[in-house]
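Overview (structure and organization)
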Amino acid sequence: MLWLLSDERNDAGIAEAFANLPEASGFVFRHYHLRGKKRHTHFTYLATLARLHRHRIVLSGDIETAREWGADGVYGPAALQRAPGLLRLATAHDGAELQAANAAGVDGVFLSPVFPTRSHPGAYALGPMGFAVLAQQSLAPVIALGGMTAERAQLLGWPRWGAIDGLAAGLRAQPRT
């Protein structure tokens, strides 16, 4: 399963990306640069486009807002809280964060960064071996994130991955499944 994560860098390509993602992929609305009504309006617009392609919509935010806005789930620290009826997708960058996600019983874990990424220049990357070691410790399905592209997902042999730039910018090369 593929997950497109949004932010201001890939905003211009999101509508096209939704059309090119395999049907029933996932979309994580981040857009941290927007606040209040602007953020809600943009979420509603992108969620409507995503639902046209049967993509799941997950909000990076709190549980109450995710419910109010009609998201299918929450992403980030809020995912560590109980949220009946919502998909909970945690983030983990090391073993301690992965164990917290395990203890919370989340539905999925974005494990990152697998490779160097523009989102966090100079940050430590797990690399294929570090990713594999941590992924084996997860009780929930792991979604590879950080510098991911179709080629890198293939290199990892990993079916679940997400990206910001790697999907919005280069989806025309993606095989539809």
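As a starting point, this report considers the structure included with it. (Residues numbered from 1 in each chain as written. Predicted model: local features only at pLDDT ≥ 70, side-chain atom pairs only at ≥ 80, totals over all residues. Heavy atoms only, no water.)

With that settled, consider the overall build of the protein chain. Summing up its helical and strand segments, the protein chain has 7 helices and 8 strands in all. Taking 16 Å as the expected radius of gyration for a compact globule of 177 residues, we find that the protein chain reaches 15 Å, a close match to that expectation. Its C-alpha atoms give the protein chain principal-axis dimensions of roughly 40 × 40 × 30 Å. The buried share of the protein chain, taken over its 177 residues, is 50%. Roughly 8800 Å² of accessible area belongs to the protein chain as shown, and the carbon and sulfur atoms make up 56% of that amount. (Helix = DSSP H or I, 4+ residues; strand = E, 2+ residues; numbered from the N terminus. Rg over C-alpha atoms; globule rule 2.2 N^0.38 Å. Buried < 20%, exposed > 50% of the residue type's maximum accessible area, 1.4 Å probe, protein only. Areas by Shrake-Rupley, 256 points an atom, 1.4 Å probe, with all protein chains shown as cover.)

Applying the stated criterion across every chain yields a total of 7 aromatic pairs. With 4.9 Å between their ring centres and 85 degrees between their planes, Phe 18 and Phe 27 make a pair best called edge-to-face. Residue Phe 27 is classed as buried on the basis of its relative accessible area of 0%. Judged by centre distance (5.4 Å) and plane angle (80 degrees), the rings of Tyr 75 and Phe 110 are edge-to-face. In this pair, Tyr 75 sits in strand 4 (residues 73-75) while Phe 110 sits in strand 6 (residues 108-111), placing the two residues 35 residues apart along the sequence. (Phe/Tyr/Trp six-rings, centres within 6.5 Å; stacked < 30°, edge-to-face > 60°.)

On to the pattern of salt bridges, then. With the rule as written, the count across this model stands at 3 salt bridges. Arg 30 is paired through a salt bridge with Asp 7; the nearest N and O atoms lie 3.5 Å apart. Taken as a pair, Arg 30 in the loop between strand 2 (26-29) and helix 2 (36-52) and Asp 7 in the loop between strand 1 (2-5) and helix 1 (14-20) lie far apart in primary sequence, 23 residues in all. Grouping residues by exposure puts Arg 30 and Asp 7 together as buried. Of the charged contacts, one joins Glu 23 and Arg 54 as a salt bridge, the two residues approaching to 2.4 Å between their closest N and O atoms. In this pair, Glu 23 sits in the loop between helix 1 and strand 2 while Arg 54 sits in the loop between helix 2 and strand 3 (56-60), placing the two residues 31 residues apart along the sequence. Here Glu 23 matches Arg 54 in class, with each residue exposed. (Salt bridge = Lys/Arg side-chain N within 4 Å of Asp/Glu carboxyl O.)

Moving on, we get to unusual backbone geometry. With an omega dihedral of -10 degrees, the bond running from Ser 112 to Pro 113 counts as a cis peptide bond. Of note in this structure, Ala 24 is not a glycine but carries a positive phi near 65 degrees. Looking at where Ala 24 falls in the secondary structure, it is placed in the loop between helix 1 and strand 2. With a phi angle near 40 degrees, His 31 is a residue other than glycine that sits in the positive phi range. By secondary structure assignment, the location of His 31 is in the loop between strand 2 and helix 2.

Helix length check: helix 2, at 17 residues, gives a terminal C-alpha distance of 25 Å against a target of 24 Å (1.5 Å per residue), a fit within 8%. Along helix 2, the positions that sit buried rather than exposed are Arg 39, His 42, Phe 43, Leu 46, Ala 47 and Ala 50. The buried residues of helix 2 occupy an angular sector of 135 degrees when the element is viewed end-on, so they sit on one face. More than 90 degrees from the buried face of helix 2, the exposed residues found are Lys 37 and Leu 52. The elements touched by buried residues of helix 2 are helix 1, strand 2, strand 3 and helix 3 (63-69). (Expected span 1.5 Å × (residues − 1). Arc of directions from axis to C-beta. Contact = heavy atoms within 4.5 Å.)

A word on the side chain of Ser 25. Mapped onto the elements, Ser 25 comes out in the loop between helix 1 and strand 2. Engagement of the side chain of Ser 25 in a polar contact is seen with the backbone oxygen of Pro 22, the distance being 2.7 Å. Apart from the residues lying within four places of it in its own chain, the contact partners of Ser 25 are Met 1, Leu 2, Arg 54, His 55 and Arg 56. (Polar contact = N/O pair within 3.5 Å; in protein donor to acceptor, adjacent residues only side chain to side chain.)

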